[in-house]
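One-letter residues, chain by chain:
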2 protein chains.
Amino acid sequence: MRAVVIRQLGDPNVMQLGELPTPIPGDHELLVAVYATSVNPVDTKIRQGRRPRELPLVLGYDLSGVVVGCGSQVRGWQVGDEVFGCPNVFRHGANAEFALLDARAAARKPRTLDHLHAACLPLVSLTAYEALHERVRIRPGQTLLIHAGAGGVGHIAVQLAHLQGCRVITTASRPETIAFCRDVLKADAVIDYRNTDFVARVKELTAGRGVPAIFDTVGGETFTRSFDCLALSGHLVSILGGDLGPTAASFLYRNITVHYEFVGARVAYDQQPERHGEILTGIAQLVDAGLLQVHVSSEWALDNLAAAHREIEQGRTIGKMAVRVRAD
Amino acid sequence: MRAVVIRQLGDPNVMQLGELPTPIPGDHELLVAVYATSVNPVDTKIRQGRRPRELPLVLGYDLSGVVVGCGSQVRGWQVGDEVFGCPNVFRHGANAEFALLDARAAARKPRTLDHLHAACLPLVSLTAYEALHERVRIRPGQTLLIHAGAGGVGHIAVQLAHLQGCRVITTASRPETIAFCRDVLKADAVIDYRNTDFVARVKELTAGRGVPAIFDTVGGETFTRSFDCLALSGHLVSILGGDLGPTAASFLYRNITVHYEFVGARVAYDQQPERHGEILTGIAQLVDAGLLQVHVSSEWALDNLAAAHREIEQGRTIGKMAVRVRAD
C-alpha cells in the first residue's frame, strides 16, 4: 500500500511517500480502507522526537474510511461499514491507504459528513469529551476557561461545554481566531491573550473568584499561570502539563485537582477501549443532529504532508486540517 | 467561659487556659456546650505558625456536645440536641466550654458512642470520606494504597475503603502500628516502610502495575515517591501535597490525576456545607450499625493540652487522642 513513512526524526521532509505491506488486523482490530485522515499537533511532536516512538512509523491518528477486514474477535462490524476512529497512537497511523482500528474504540461515521470532515473529529472530540466529562466532570451552569478555542481540540471543547449548559471564556490572539471564537463558536467571552492578561481578565469576569474548571490545550506558561485564575475547589485539565509552577504550595488550601489527560491511554493501555466507541457514537449523533460542527480550514493530499506539518507548526490553523487519501 | 487560648505562636506552652466571652451564634450556627474535642495534627501546625491564622485563637477542630443556642436561620435543630461536627478551621475551635458549629455541616451524634469517642470522628471521617469518595471516587474491587493506616485519618480511611469493597495496602513502621493495621483494621497488606521500599513492595503486590488510587496522609517524600507506584490513569489524593517531584514529566502519558484535599473548604468557603452534615449523618449510621470503629488511644483534659500536643508531634499515636471538656 502507499503510505507516508518517517524513517528518521527531523523536519517535515523526513516524511516520505513509499510502499509498505498492508497491515493484518489483530483479534480486536478492523482493517480500514482510509478515505481521509487529519493532521494533529501530536504528529509533529512525534516527528520531531518529542514523543518517543519506534521507527519507521506512519503518522496520522485520525481516520474515516470503510471496513475491509475484521479480526477474529471483532463483533458488530462487517466489511463495507463506514467507520471513524483513532489508530493506536503508539503504532502506525492513517497516513496510508489502509490502517488498523481497535474495533471496540471505533464508531459508525456520522452519516451527514463526508469522510474528509469525519476524519477531523475522532482525536479532538475524544480528547475534549474525556477532558471535560470524564476528568473534570463539568456541570451545567459552570463557567469554564477553555484555552485556544479556535484550535482543533478547543473548538470542539467550546461546543461540548455549551451543550452541557456551561458558559465559556476562551483565549485567542489573532483577529481571525478572535472572530471565529466570538462569531462561529459564540463563546461567552474571548480574551485576546497577547494584549490582555488572561488571569486578570478571568478574575474580572468572575467577580474575583476565578473559574471552577480550566481546560489547558496550550501548556507551558499557560498551564502554570492558569492556576492563578482557578477558583477554590477548581479542576484544571491539561493535555500538555508538566510541573505545577510557583503557586503549587497554595493548592492544598485551595482544594485543587489537576488532571493530565492523555487520550491515547484507553486503546494503548487497553483500559475500557469501548468507552471510545461509545463516545464517538455520541459525537456522531450530535453531528447528525446539527448540534456539533467540525471546522475544517484546509485540505491536503498525502503527497503534500510536509507542507501541512509546516502549516500546523506555525500555530495559525483554525479548527482542523484534513488530509484526503482516497476520493470520496 | 473557660477556653485554651493561644495568643502567640510557638511550642505547646503557648496554649493557656483562660476566660473568653461565650461566642454568639451567627445566622446558620449552633452554639454548642462542648463535652469533648480531639487533637489533630492541624492544631499543632497552626500553633507552630505553619498554617497562618489570626490570633488570639482557640484550637480544637472536632467536637461532640449539646446544642444550647441556635442562629436565626437554623432549621432542624433545637436546644438539647446532641451534635457532632467540625468548627470552621479558620475560626475558634472547641478547646473551650462552648463552641460554634455551622448547623448545616453538623449531624446528630452517633447514639452508640459517648461524647469522648464521637468527638474523635468528624475531622478524620470527613477528610477520609471526601478524599476517597468525592475526590478519587473509589470503586469496588480496586486496590488502594492508604499511607499511615494507624493514623487518625488513616484508620478511618482503611475502614471506609473496605466498606466500599476495596482491597487496602497500608504503611506503618512500629511493631504496634503494624499489628494494629493487620489485626484490628484487617488491612490486606501492611508495608513496614522503614525497612521496606514501599514503592517496590506495592509494585510487587500489583504485578508491576501499581495501584489505581493512593491516599497520602504523610506528605513530603511519601507524596512525591507515591507517584512511582501509581497505576496508569491513577488518582493520588493528598492532605498535605506540594510540588509533584521529579517524575512530573511522566504524568501526562500516565493520564494521572492529583487531588489536593482540604476538608475545611466546605464550611470556610461556604461550598455546600450541608454535604458535611450528610456525610457525618452517614458516618453516624455506620458507627451505630457496628460497621465503623473509631480507635481512641488516649484521653486528655483541657488543662493538659500541651502534653497532648507533644505526644501527637512525636507521631506515635494510634488512631485518635480525645480531649474531655465536660463530664459525660
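Quick notes on the rules
Residues numbered from 1 in each chain as written. Chains lettered and ligands numbered in written order. Predicted model: local features only at pLDDT ≥ 70, side-chain atom pairs only at ≥ 80, totals over all residues. Helix = DSSP H or I, 4+ residues; strand = E, 2+ residues; numbered from the N terminus. Rg over C-alpha atoms; globule rule 2.2 N^0.38 Å. Buried ≥ 20, exposed ≤ 12 C-beta atoms within 10 Å, placed from the backbone. pLDDT = per-residue confidence, 0-100. Axes fitted to C-alpha atoms, helices over the stretch in contact; angles between N-to-C directions. Parallel < 35°, antiparallel > 145°, perpendicular 65-115°, else oblique. Contact = placed C-beta atoms within 7 Å. Least-squares fit on C-alpha atoms with pLDDT ≥ 70 in both. Pairing = 2+ DSSP bridges. Right-handed = clockwise from strand over helix to strand, strands pointing away. Expected span 1.5 Å × (residues − 1). Core = buried A, V, L, I, M, F, W, Y, C linked by C-beta atoms within 7 Å. Domains from an automatic or database assignment. Nonpolar A, V, L, I, M, F, W, Y, C, P; charged D, E, K, R; others polar.

## Regarding the overall build of chain A
Item 1. Counting its regular elements, chain A contains 10 helices and 16 strands.
Item 2. Here chain A has a C-alpha radius of gyration of 19 Å; the compact-globule value for 328 residues is 20 Å, and the two agree.
Item 3. Taken along its principal axes, the extent of the C-alpha atoms in chain A is 60 × 40 × 35 Å.
Item 4. Scored against the burial criterion, the 328 residues of chain A give a buried share of 53%.

## As for the environment of Gly151(B)
All names here are of chain B.
Item 1. Along the chain, Gly 151 falls in the loop between strand E9 (143-146) and helix H4 (152-163).
Item 2. Overall, the presence of 25 C-beta atoms within 10 Å leaves Gly 151 in the buried class.
Item 3. Considered as a pair, Gly 151 and Arg 316 are 165 residues apart in the sequence and their alpha carbons are 8.8 Å apart.

## Describing the confidence of the model for chain A
Item 1. When pLDDT is averaged along chain A, the result is 96; 100% of the residues meet or exceed 70.
Item 2. For this predicted complex, the interface score ipTM comes out at 0.92, while the overall pTM is 0.94.

## Section: the packing of helix H1 (residues 41-48) of chain B against helix H11 (residues 305-313) of chain B
Residue and element names in this part refer to chain B.
Item 1. In contact at an axis separation of 10 Å, H1 and H11 are set at 105 degrees when each is read in the N-to-C sense. Relative to H11, H1 is oriented roughly perpendicular. When H1 is examined against H11, the residues Pro 41, Asp 43, Thr 44 and Arg 47 are found in contact with a partner set consisting of His 309, Ile 312 and Glu 313.

## With respect to the relation of the copies chain B and chain A
Item 1. Overlay of chain B on chain A (RMSD 0.0 Å): rotation 180 degrees, translation along the axis 0.0 Å. In short, the pair behaves as if placed about a two-fold rotation axis. If distances are taken from each C-alpha of chain B to the rotation axis, the shortest is found for Val258(B), at 2.6 Å.
Item 2. Both copies contact each other with a shared surface, as 100% of the interface residues of chain B are interface residues in chain A too.

## Digging into the pairing of E9(B)
Residues and elements named next belong to chain B.
Item 1. Burial of the side chains of E9 extends over both faces: Thr 143 and Leu 145 are buried on one face and Leu 144 and Ile 146 on the other.
Item 2. Looking at chain direction, E9 and strand E10 (residues 167-172) are connected through four bridges and run parallel. Bridge pairing in E10 places Thr 143 opposite Arg 167.
Item 3. Handedness of the E9-H4-E10 crossover: right-handed.
Item 4. In this structure, E9 lies alongside strand E12 (residues 211-216), joined through three bridges in parallel fashion. Paired with Leu 144 across the two strands is Ala 213, which belongs to E12.

## Quick look at the interface of chain B and chain A
Item 1. Taken together, the contact pairs 24 residues of chain B with 24 residues of chain A.
Item 2. Listed by contribution, the elements that provide at least two residues to the side of chain B that touches chain A are strand E13 (230-238), helix H8 (251-254) and strand E14 (257-260) of chain B.
Item 3. The element that contributes the greatest number of residues to the side of chain B that touches chain A is E14(B), accounting for four residues.
Item 4. In terms of strand pairing, strand E14 (residues 257-260) of chain A meets E14(B) through three bridges, oriented antiparallel.

## Here's the deal with the sheet that holds strand E1 (residues 2-6) of chain A
Residue and element names in this part refer to chain A.
Item 1. Strand order in the open sheet formed by three strands is E2-E1-E4, with antiparallel pairing between adjacent strands. At either end of the open sheet lies a strand with only one pairing partner, and these are strand E2 (15-19) and strand E4 (57-58).
Item 2. Bridge count for E1 against E2 is five bridges, and the pairing is antiparallel. The partner of Arg 2 across the bridge, within E2, is Glu 19.

## Observations regarding H4(B)
Residue and element names in this part refer to chain B.
Item 1. With 12 residues, H4 should reach 16 Å at 1.5 Å per residue; the first-to-last C-alpha distance of 17 Å fits that figure.
Item 2. Burial analysis of H4 places 10 of its 12 residues in the buried class, which makes it a mostly covered element.
Item 3. Of all the positions in H4, only Gly 152, Val 153, Gly 154, His 155, Ile 156, Ala 157, Val 158, Gln 159, Leu 160 and Ala 161 are classed as buried.
Item 4. In this structure, the buried side of H4 is in contact with helix H3 (122-136), E9, E10, E12 and strand E16 (320-324).
Item 5. Where H4 ends, the next residue or the one after it, Gly 165, has phi of about 85 degrees, a positive value.

## Quick notes on the nonpolar core
Item 1. The biggest cluster of nonpolar side chains holds 222 residues, and the ones touching the most others in it are Leu30(A), Ala157(A), Leu30(B) and Ala157(B).
Item 2. Apart from the residues lying within four places of it in its own chain, the contact partners of Leu30(B) are Pro25(B), Val67(B), Cys70(B), Val74(B), Trp77(B), Val83(B), Leu100(B), Leu101(B), Ala103(B) and Ala106(B).

## Some details on the sheet that holds strand E10 (residues 167-172) of chain A
Item 1. Strand order in the open sheet made by the 12 strands is E11(A)-E10(A)-E9(A)-E12(A)-E13(A)-E14(A)-E14(B)-E13(B)-E12(B)-E9(B)-E10(B)-E11(B), with mixed pairing throughout. In this open sheet, the two edge strands, each paired with only one partner strand, are strand E11 (189-192) of chain A together with strand E11 (189-192) of chain B. On average, each strand axis in the sheet is inclined to that of its neighbour by 15 degrees, with strand direction left out of account.
Item 2. In this sheet, E13(B) lies alongside E12(B) in parallel orientation, the contact comprising five bridges. Residue pairing for E13(B): Val211(B) is matched across the bridge by Leu230(B).
Item 3. Running at roughly 135 degrees to strand E13 (residues 230-238) of chain A, helix H3 (residues 122-136) of chain A makes contact with strand E12 (211-216), E13 and E14 of chain A together with E14 of chain B of the sheet.

## As for the domain arrangement of chain A
Interfaces are often sized by the accessible area lost when the parts come together.
Residues and elements named next belong to chain A.
Item 1. Here chain A is partitioned into domain 1 (2-121 + 266-324) and domain 2 (124-260).
Item 2. On a C-alpha basis, the centres of domain 1 and domain 2 stand 27 Å from each other.
Item 3. Listed per partner, the contact involves 13 residues of domain 1 and 12 residues of domain 2.
Item 4. Top element by residues in the side of domain 1 that touches domain 2 is helix H9 (residues 274-288). It accounts for four residues.
Item 5. Residues of the side of domain 1 that touches domain 2, tallied by class, amount to eight nonpolar, four polar and one charged.

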